[in-house]
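Read off the chains here:
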Amino acid sequence: MHRFTTTLLAAAACLTCCIAADAQAPHNYNLEDVNWNISFDVATRTIFGDVTNTLTPTQRGVSEIAVNEGKLLIKRVLVNGRPVHYTVDAVHEQLVAHLARPANPGDPIHLRIVYSGQPQAGAYFVMPDRSDRVTTTPMIYTQGEAEDTRYWLPTYDEPDDKATSECHITVPAGYFALSNGKLMDVRHSGSRLVYHWKIAQPHSTYLISFVAGNYVKGHEAWGNLAVDYYVPAGTAAMGEPTFGGTADMVRFYSKLTGIKYPYAKFAQSAVADFPFGGMENISAVTQTIDALHPASESAVRDTRGLVAHELAHQWFGDLETCRNWPNIWLNEGFATFLPHFYFRHADGEDEYQIQKLGDMEGALRAVQAAPRAMIKRTYSVPMDLFFDGYAYGGGSARMFALQAVLGEKVFWKGIHHFLVKFSYKPATTHGFFQAMSESSGVDLSWFEKQYFHTAALPAIKVSRDGAAVTITQAEPVFTLNLDVWELVNGTWSKQRVALHSTTAVVQLQNADDPFLVDPRVNCLASIDYAQKFAPDVIKQLYAAAPNAAGKLRLAQMARSDGDDQLLESLFAGENSRALRRALVSMLPASDTEQLLRLMKDPDPRIRLSATDSLASGESSDAVIASLTSAWQHAPSFAVRAAALRGLLRLTRNNSLARRAWAMETYDESFRTTVLAWWTRENPDLARQVALKVLSANYREPVRRAAIGTLGTVKDKPGEKVVFNALVARLSDVSLGEKLSAVGALYRYGDAAALPYLHRLDNYSMYQLRGAAQRTEQALEGK
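Residues numbered from 1 in each chain as written. Predicted model: local features only at pLDDT ≥ 70, side-chain atom pairs only at ≥ 80, totals over all residues. Heavy atoms only, no water.

**Some words on the packing of helix 7 (residues 390–406) against helix 10 (residues 445–452)**
Point 1. Two elements in contact, helix 7 and helix 10, have axes separated by 12 Å at closest approach and are oriented at 155°. Between helix 7 and helix 10, the angle is such that the two are roughly antiparallel. With respect to the hand of their crossing, helix 7 and helix 10 are arranged in right-handed fashion. Together, Arg398, Met399, Ala401, Leu402 and Val405 of helix 7 and Trp446, Phe447, Tyr451 and Phe452 of helix 10 make up the contact between the two elements. (Axes fitted to C-alpha atoms, helices over the stretch in contact; angles between N-to-C directions. Helix = DSSP H or I, 4+ residues; strand = E, 2+ residues; numbered from the N terminus. Parallel < 35°, antiparallel > 145°, perpendicular 65-115°, else oblique. Left-handed = near helix turned anticlockwise from the far one by under 90°. Contact = heavy atoms within 4.5 Å.)

Structure follows, in structure tokens:
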């Protein structure tokens, strides 16, 4: 229960009636504009808000208007300037305003709500002593997707109704406040500042956002477009290594889609204790502070993928938006797909092909693990549809398959048509395929049905009998046109086979020539060869493969066969930087001689991979010497942390561990590496150190690692020190610590934690609520 004594008295004096509604009220209006004002009490983590939702009814005789609201304290509700009765439906998280007289289409309604709250989700307060990086600013920020905007801003909180928005954010002196659209002005209000932002383009309300704190600005530009980034004070040197080059991505996407970036600015900010990696808030992306890194790490920590993903959302997710959450792939699939084309532009065709293969393999694994159709209409909370391998890589992989059907030029012409047709509108999967069919002149209803409404992906088996190759497709049958290439005297002989039923037979020229099905990796299908390819055949096919995706697929065959010698041979003969980076991770840790050579490779990422492998392999004087050199002299903290992990495992040197523990790094990778080693090797010491961490002013990565350690090492017999420390973390101000504590209590395994976990059963933040409920289920039987 929130402690708002004076606010409760004020609310009681208003002309209101706050009771629970019986049923969810309908969405009977078009939301036109959301004009919001917000200020804060940082000490009590309280927000004070005043929002006016402008809307017009979509039917005659409308007597009540519902907006979403979650656990906020409502002070006043007015319609067109007059107080009205309202009800609060806590079950459906709605506030229903009862109009003084019925309204009809064309009647403007200005629904004003004055409120306050201490949100459990949607808006977050972070103090500088609880940051993931060395920073000196408290910060306040929002995170609305999927349906968390309601916990800090009463408005319509579904993706299918778009509105313009405008805000005034009042912050303490010294703070900066970032929001959506154009900065209209900044004015003084006593000792505080008021930032006024406005965005003229309609957008879904989950994209409304703010970030406030003591931030340092970095700037790029594309023509007249400001491309800015904001990092917390104390991290200024990490801004450019993390976000530099974004302006070129804006230029590239504008050209790729044929739609020029449509907003007044593009900005990114970094926040601590963020529940996701990044969020595509319209024109003002919020990124995790974990992305920040110094220039020394740029060669091995590539944050361009994160930046490119959230930027792609400005077209896919923001300009057009999925009408409802089952169509979330339209947002996340395209935001995964577009960056591959930027990396092809920036890093070359091999990198693009390897990323394409990765998405296709991920999509196949998702179907194998939990078969379902892409469009899933039953779920408990919307975020259940996001992270099971379908929306992101699954959506991207299906677009690669569609591009192969249409050809790249026709495909991108269709994408442009789709974006034009659905700009500032909600879209569905069916609407997307209608637009693509209109543009291409090809009826794509079959593709939509098979790849989006079928709980499977093609599964192909290939067998050979002399020159006859039999291709068999498992049920359900897909419409496939498969390339079958035969390597005849070093040259490809190409056939295309229509597989529209369960079986097709292909006649090759010769009984002994090597061949491949789908050599360019254009078909989103699992392909299983009944007869294994001999090592010399894989070598021949690898040398002639048409692209890096085909080469990597052949290397994976070698790895699945356990042929380390073949893998080493393929790597040794490869000159492509992208392929070398992919192949080096496949090399066995037992290949010490080659890995030691690779510790001196000119490519920093290969050096990091080699260090990781040696750290997991066998000990020798040469290995210890190489890891020691990397630990002492490598310019990258990531390489040094990998070397430290290997040295601790191979030498069991506790003196080294204590020295490393005393060393602070930007990401705390040394301390977390040491604590993980102590957890395995010296549980009593790990317990002692972890408890000390939680009682002192360590930064969040170490604190979360300490919580994980305590869940593993548990208490000494007869003690409850660890148990008490873990349940105390459930009330911590940090979302990350709460989540870590729930996981630690799961491993601790004591049903005595159930009463504490039950306190989270109705927590607003779905991740924490769901994690607590899963842990409760595991502990209830103990």
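There's plenty left to go through after this.
**A word on the confidence of the model for the protein chain**
Point 1. Per-residue confidence for the protein chain gives a mean pLDDT of 95; residues scoring 70 or more make up 97%.
Point 2. Of the regions scoring below 50 in pLDDT, residues 1–21 engages in 32 contacts with residues more than four places distant in sequence or in other chains. (pLDDT = per-residue confidence, 0-100.)

**Brief notes about the sheet that holds strand 9 (residues 123–126)**
Point 1. The strand order across the open sheet built from four strands is 9-10-15-12, with neighbouring strands paired in antiparallel fashion. Of all strands in the sheet, those bounded by a partner on one side alone are strand 9 and strand 12 (176–179). Averaged over all pairs of adjacent strands, the angle between their axes in this sheet comes to 10°, without regard to strand direction.
Point 2. One ladder, built from three bridges, connects strand 10 (residues 139–142) with strand 15 (residues 210–213); its direction is antiparallel. The residue of strand 15 that forms the bridge with Met139 is Gly213. (Pairing = 2+ DSSP bridges.)

**Here's the deal with the side chain of Arg640**
Point 1. Locating Arg640 in the fold gives a position in helix 18 (residues 637–651).
Point 2. No salt bridge is formed by the buried Arg640. Its closest oppositely charged neighbour is Glu297, at 8.3 Å.
Point 3. Apart from residues no more than four positions distant in its own chain, Arg640 is found in contact with Ala630, Trp631, Ala634, Met663 and Phe670. (Buried < 20%, exposed > 50% of the residue type's maximum accessible area, 1.4 Å probe, protein only. Lys, Arg positive; Asp, Glu negative; His and termini not counted. Salt bridge = Lys/Arg side-chain N within 4 Å of Asp/Glu carboxyl O.)

**Some details on unusual backbone geometry**
Point 1. Backbone torsion omega between Glu145 and Ala146 reads 5°, so that peptide bond is classified as cis.
Point 2. In this fold, Ala146 is placed in the loop between strand 10 and strand 11 (163–172).
Point 3. Between Glu475 and Pro476 the backbone carries a cis peptide bond, its omega angle lying at 0°.
Point 4. Structurally, Pro476 is set in the loop between strand 24 (468–473) and strand 25 (480–488).
Point 5. Of note, Asn489 is a non-glycine position whose phi angle comes to about 50°, a positive value.
Point 6. Mapped onto the secondary structure, Asn489 falls in the loop between strand 25 and strand 26 (491–499).
Point 7. Even without being glycine, Arg652 reaches a positive phi, approximately 55°.
Point 8. Considering the arrangement of structural elements, one finds Arg652 in the loop between helix 18 and helix 19 (654–661).

**Brief notes about the pattern of salt bridges**
Point 1. One pass over the full model with this rule turns up 36 salt bridges.
Point 2. For Asp483, the salt bridge identified is with Arg496, shortest N-O distance 3.1 Å. Of this pair, Asp483 sits in strand 25 while Arg496 is found in strand 26, placing the two residues 13 residues apart along the sequence.
Point 3. Given a relative accessible area of 7%, Asp483 falls into the buried group.

**Some points on the pairing of strand 3 (residues 62–68)**
Point 1. Of all seven residues in strand 3, five are buried; the element is thus mostly enclosed.
Point 2. Relative to strand 7 (residues 94–103), strand 3 runs antiparallel, the two being bridged by six bridges. Looking at strand 7, one finds that Ala66 is bridged to Val96.

**What to know about the pairing of strand 10**
Consecutive side chains along a regular strand alternate between the two faces of the sheet.
Point 1. Of the two faces of strand 10, both are covered, the one formed by Met139 and Tyr141 as well as the one formed by Ile140 and Thr142.
Point 2. When strand 9 meets strand 10, the two strands line up antiparallel, connected through four bridges. Looking at the pairing, Val126 lines up with Met139 of strand 10.

**A closer look at the side chain of His168**
Point 1. In this fold, His168 is placed in strand 11.
Point 2. Note on His168: relative accessible area 19%, which makes it buried.
Point 3. Beyond its immediate stretch of four places on either side in the chain, His168 contacts Trp36, Asn37, Ile38, Val194, Tyr195 and His196.

**Topic: the packing of helix 14 (residues 577–584) against helix 16 (residues 604–616)**
Point 1. The N-to-C vectors of helix 14 and helix 16 enclose an angle of 10°; their axes lie 9 Å apart at closest approach. Taken as axis vectors, helix 14 and helix 16 run roughly parallel relative to one another. Mapping the contact onto sequence places Arg580, Arg581 and Val584 in helix 14 and Arg605, Ile606 and Ser609 in helix 16.
Point 2. Taken together, the residues of the contact of helix 14 with helix 16 break down into two nonpolar, one polar and three charged. (Nonpolar A, V, L, I, M, F, W, Y, C, P; charged D, E, K, R; others polar.)

**Notes on the sheet that holds strand 2 (residues 46–57)**
Point 1. In spatial order, the strands read 5-4-8-2-1-11-14-13; together these eight strands make up an open sheet with mixed pairing. Among the strands making up the open sheet, the edge pair consists of strand 5 (82–83) and strand 13 (182–189).
Point 2. Where strand 2 lies against strand 8 (residues 109–117), nine bridges are found, and the strand directions are antiparallel. By the bridge assignment, Thr52 is partnered in strand 8 with Arg112.

**Let's talk about helix 13 (residues 564–572)**
Point 1. Among all positions of helix 13, only Leu566, Leu567, Leu570 and Phe571 are buried. Down the axis, helix 13 shows its buried residues gathered within 135° of arc, on one side only. For helix 13, exposure combined with an orientation more than 90 degrees from the buried face picks out Gln565 and Ala572.
Point 2. Those residues of helix 13 that are buried are in contact with helix 11 (535–544), helix 12 (548–560), helix 14 and helix 15 (592–598). (Arc of directions from axis to C-beta.)

**A closer look at the environment of Arg130**
Point 1. Looking at the element boundaries, Arg130 is found in the loop between strand 9 and strand 10.
Point 2. A residue is classified by how much of its surface remains accessible, and Arg130, at 12% relative accessible area, is buried.
Point 3. Arg130 sits 562 residues away from Lys692 along the chain, and the two C-alpha atoms are 16 Å apart.
Point 4. Those residues in contact with Arg130 that sit more than four places away from it in its chain are Glu700, Arg703, Asp732, Val733, Ser734 and Glu737.

**Here we look at the packing of aromatic side chains**
Point 1. Overall, the coordinates contain 58 aromatic pairs when judged by the stated rule.
Point 2. Taking the centre distance of 4.3 Å and the plane angle of 10° together, the rings of Phe316 and Phe334 count as stacked. Taken together, the positions of Phe316 in the loop between helix 4 (304–312) and strand 21 (320–322) and Phe334 in helix 5 (residues 329–347) put the pair 18 residues apart, joining distant regions of the chain.
Point 3. For Phe334, a relative accessible area of 0% translates into the label buried.
Point 4. A centroid spacing of 5.6 Å and a plane angle of 65° characterise the contact between Phe334 and Phe432, whose relative ring orientation is edge-to-face. Of this pair, Phe334 sits in helix 5 while Phe432 sits in helix 9 (residues 429–440), and the two are 98 residues apart along the sequence. In this pair, the class of Phe334 matches that of Phe432, namely buried.
Point 5. Sitting over the face of the ring of Phe723, Lys720 holds its NZ or CZ atom 4.4 Å from the ring centroid. (Phe/Tyr/Trp six-rings, centres within 6.5 Å; stacked < 30°, edge-to-face > 60°. Lys NZ or Arg CZ within 6 Å of the ring centre and 35° of its normal.)

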